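Each chain, letter by letter, is given below.
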Amino acid sequence: MTDTSQSAQAAQADRASRVKEPAGSGARRSGDPASRGRTTIADGVVEKIAGMAARDVVGVHAMGGGLSRTFGAVRDRVPGSGKSNVSRGVKAEVGEVQTALDLEIVIDYGVSITDVAGAVRENVVSAVERMTGLEVVEVNIAVSDVKLPDEEDEDEDDQETRIR
């Protein structure tokens, strides 16, 4: 046998050992198919999930501070603009198996801040862990404002100017 034919046979044997045998051949590959390969989750994905989960809690009026909401309202009017308002007020740091979140919220007047913050944490942790499989190690919440009953919403002002 020549060196060329030996190396060709070795390459073919190597390929054969990596290629899955046809069904019913009796040969089995160890390991779950779902564990073959790697899944990465972008920070923005976790931010959107957390933002949606936080908004679902009664007592959360809006997400983000005053300045970010103002810029967000302007940005929302521009077609094809960047970050969606779903993730406004949410910052995520995502690792391979864990994530940490910082949320900035505006609450409705009259609700218990500690109760709302606890409910937000619970809802965010549940949603993020269920949807991503990541362990949420912390959810920091900053209450940046309280919505008073006699204050108009920034969104209502925007609606009025568009309707006229």
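Residues numbered from 1 in each chain as written. Predicted model: local features only at pLDDT ≥ 70, side-chain atom pairs only at ≥ 80, totals over all residues. Heavy atoms only, no water.

Re the overall build of the protein
Then, number 1: The helix and strand tally for the protein stands at 5 helices and 4 strands.
Then, number 2: Counting from the amino terminus, helix and strand elements in the protein follow one another as α-α-β-α-β-β-α-β-α.
Then, number 3: Burial status across the protein gives 26% buried among its 164 residues.
Then, number 4: Split by element, the accessible area of the protein, about 11,200 Å² in all, is 51% carbon and sulfur. (Helix = DSSP H or I, 4+ residues; strand = E, 2+ residues; numbered from the N terminus. Buried < 20%, exposed > 50% of the residue type's maximum accessible area, 1.4 Å probe, protein only. Areas by Shrake-Rupley, 256 points an atom, 1.4 Å probe, with all protein chains shown as cover.)

What about the pairing of strand E4 (residues 135-147)?
Then, number 1: Bridge analysis of strand E3 (residues 98-108) against E4 gives 11 bridges, and the strand direction is parallel. What sits directly across from Val106, in E4, is Asp145. (Pairing = 2+ DSSP bridges.)

Some words on the nonpolar core
Then, number 1: The biggest cluster of nonpolar side chains holds 24 residues, and the ones touching the most others in it are Leu101, Leu103, Val120, Val124 and Val128.
Then, number 2: Elements that contribute at least two residues to this core include exactly helix H2 (43-55), strand E1 (60-63), strand E2 (90-94), E3, helix H4 (113-132) and E4.
Then, number 3: Discounting chain neighbours no more than four positions away, the residues touching Val124 are Ala50, Ala53, Ala54, Leu101, Leu103 and Val139. (Core = buried A, V, L, I, M, F, W, Y, C linked by side-chain atoms within 4.5 Å. Contact = heavy atoms within 4.5 Å.)

A closer look at H4
Then, number 1: Look at H4: 28 Å from first C-alpha to last across 20 residues, which is about the 28 Å you get at 1.5 Å a residue.
Then, number 2: All buried positions along H4 are accounted for by Val116, Ala117, Val120, Val124, Ala127, Val128 and Thr132. Around the axis of H4, the buried residues are gathered within 110° of arc, so they sit on the same side. The exposed residues of H4 that point more than 90 degrees off its buried face are Thr114, Asp115, Glu122 and Arg130. (Expected span 1.5 Å × (residues − 1). Arc of directions from axis to C-beta.)

What to know about the side chain of Thr132
Then, number 1: Structurally, the position occupied by Thr132 is in helix H4.
Then, number 2: A relative accessible area of 17% places Thr132 in the buried class.
Then, number 3: From its side chain, Thr132 meets the backbone nitrogen of Leu134 in a polar contact 3.1 Å long.
Then, number 4: Ignoring any residue separated from it by four or fewer positions in sequence, one finds Thr132 in contact with Ile41, Val46 and Ile49. (Polar contact = N/O pair within 3.5 Å; in protein donor to acceptor, adjacent residues only side chain to side chain.)

Some details on the environment of Ala142
Then, number 1: Summarising the element assignment, Ala142 is placed in strand E4.
Then, number 2: C-alpha separation for the pair Ala142 and Ile105, spaced 37 residues apart in sequence, amounts to 6.3 Å.
Then, number 3: Excluding anything up to four places from it in sequence, Ala142 contacts Leu103, Glu104 and Ile105.

Here's the deal with H2
An α-helical turn contains 3.6 residues, so a residue and the one three or four places further along point in the same direction.
Then, number 1: Look at H2: 18 Å from first C-alpha to last across 13 residues, which is about the 18 Å you get at 1.5 Å a residue.
Then, number 2: Looking at H2, one finds that the buried residues are Val46, Glu47, Ile49, Ala50, Gly51, Ala53 and Ala54.
Then, number 3: Buried positions along H2 lie against E1, E2, E3 and H4.

Concerning the environment of Ala62
Then, number 1: Structurally, Ala62 is set in strand E1.
Then, number 2: Sequence spacing of Ala62 and Val146 is 84 residues, and the spatial spacing of their C-alpha atoms is 9.4 Å.

Structural notes on the packing of H2 against H4
Then, number 1: Relative to each other, H2 and H4 sit at 140°, their axes nearing to 8 Å. When the interaxial angle is binned, H2 and H4 end up oblique. In the packing of H2 onto H4, the handedness of the crossing is right-handed. Packed against H2, whose contacting residues are Val46, Ile49, Ala50, Ala53 and Ala54, the element H4 presents Val120, Asn123, Val124, Ala127, Val128, Met131 and Thr132 at the interface.
Then, number 2: Partitioned by chemical class, the residues of the contact of H2 with H4 number 10 nonpolar, 2 polar and no charged. (Axes fitted to C-alpha atoms, helices over the stretch in contact; angles between N-to-C directions. Parallel < 35°, antiparallel > 145°, perpendicular 65-115°, else oblique. Left-handed = near helix turned anticlockwise from the far one by under 90°. Nonpolar A, V, L, I, M, F, W, Y, C, P; charged D, E, K, R; others polar.)

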